[in-house]
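Observations on the three-dimensional arrangement
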Amino acid sequence: MSRVVLGRVSGLFGVQGWIKVYSHTEPRENIATYRNWHLQCNGEWQSVRVEQGRRHGKGVVVKLAGIEDRDQAVALIGCDIAIERDQLPPLPPGEYYWTDLEGLRVVTLEGTELGRVSHLFATGANDVMAVQGERERLLPFVQPDVIRRVDLEQGLIEVDWDPDF
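Residues numbered from 1 in each chain as written. Predicted model: local features only at pLDDT ≥ 70, side-chain atom pairs only at ≥ 80, totals over all residues. Heavy atoms only, no water.

Within the protein, the secondary structure is distributed over 2 helices and 12 strands. For the protein, the N- to C-terminal ordering of α and β elements is β-β-β-β-β-α-β-α-β-β-β-β-β-β. Projected onto its principal axes, the C-alpha positions of the protein cover 60 × 30 × 30 Å. In the protein, which comprises 165 residues, the share counted as buried stands at 36%. Contacts spanning at least 24 positions in sequence make up 49% of the contacts within the protein whose residues lie at least 6 apart. By element, 48% of the accessible surface of the protein is carried by carbon and sulfur atoms, the whole surface being about 9,500 Å². Of the side-chain charges in the protein, 18 are positive and 25 negative, and the distance between the mean point of each set is 7 Å. (Helix = DSSP H or I, 4+ residues; strand = E, 2+ residues; numbered from the N terminus. Buried < 20%, exposed > 50% of the residue type's maximum accessible area, 1.4 Å probe, protein only. Contact = heavy atoms within 4.5 Å. Areas by Shrake-Rupley, 256 points an atom, 1.4 Å probe, with all protein chains shown as cover. Lys, Arg positive; Asp, Glu negative; His and termini not counted. Charge placed at Lys NZ, Arg CZ, Asp CG, Glu CD.)

The subject of this paragraph is the sheet that holds strand S12 (residues 156-159). Sheet architecture is open: 6 strands sit in the order S10-S9-S8-S7-S12-S11, paired in mixed fashion. Of all strands in the sheet, those bounded by a partner on one side alone are strand S10 (136-140) and strand S11 (147-151). Averaged over all adjacent pairs, the angle separating strand axes in this sheet is 35 degrees, with direction ignored. In terms of strand pairing, strand S9 (residues 127-132) meets S10 through 5 bridges, oriented antiparallel. Its bridge partner being in S10, valine 131 is matched across the sheet by arginine 137. (Pairing = 2+ DSSP bridges. Axes fitted to C-alpha atoms, helices over the stretch in contact; angles between N-to-C directions.)

Taken as a whole, this structure holds 1 aromatic pair when the rule is applied. Just above the ring of tryptophan 45 sits the side chain of arginine 3; from NZ or CZ to the centre is 4.6 Å. Stacked on the ring of tryptophan 18, the Lys or Arg arginine 54 has its end atom at 4.8 Å from the ring centre. (Phe/Tyr/Trp six-rings, centres within 6.5 Å; stacked < 30°, edge-to-face > 60°. Lys NZ or Arg CZ within 6 Å of the ring centre and 35° of its normal.)

Applying the stated criterion across every chain yields a total of 1 disulfide. Disulfide partner of cysteine 41: cysteine 79, at an S-S distance of 1.8 Å. Given an S-S torsion of about 120 degrees, the disulfide between cysteine 41 and cysteine 79 has right-handed geometry. A residue pair is termed long-range when its members are at least 10 positions apart, and cysteine 41 in strand S3 (residues 36-41) and cysteine 79 in the loop between helix H1 (70-74) and strand S6 (80-84) qualify at 38 residues. (Disulfide = S-S within 2.5 Å.)

Further remarks concern the nonpolar core. Of all hydrophobic cores here, the largest spans 24 residues; its most connected members are Ile19, Val21, Trp37, Leu39, Val62, Leu64 and Leu76. Those elements that place two or more of their residues in this core are strand S1 (3-13), strand S2 (18-23), S3, strand S4 (44-56), strand S5 (59-64) and S6. In terms of residue count, S1 provides more of this core than any other element does, 4 residues in total. Counting residues in hydrophobic clusters, the runner-up holds 16 residues, among them Leu104, Phe141, Val159 and Trp161. (Core = buried A, V, L, I, M, F, W, Y, C linked by side-chain atoms within 4.5 Å.)

Printed below as a string of structure tokens:
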């Protein structure tokens, strides 16, 4: 079963074992709706159950089962938070989870290889795809203007992009 990292334990909240979470989900508090998490701490995975979670200011705070005090929670700081891939809801056609795009080959309409998607990030206007090849390129993830075709089976994204840019 494959795991998808959705965030990271970023700190402590209070004295009763609550943790602060940096979430990659949109909206960010959605990370707490997944009740079964996997935490990766020091290269080891452990399964935990979310008891409660909520948005708190610009972040998210979560109470995990079995973590009852600050001393237990401090050991989780820096751990990655993942869920099983099959827990993610299906998306409508033409929409993609970023994790599914990372690592795909990026090729222009003329067949010029630009590299592979290293990561994506959000900007105010649109998402941006970082493509690492002989150099890094930042391409706006705008369909169909720039992103012409995504083929997850073939591991390929076809783009309308000038390779010199």
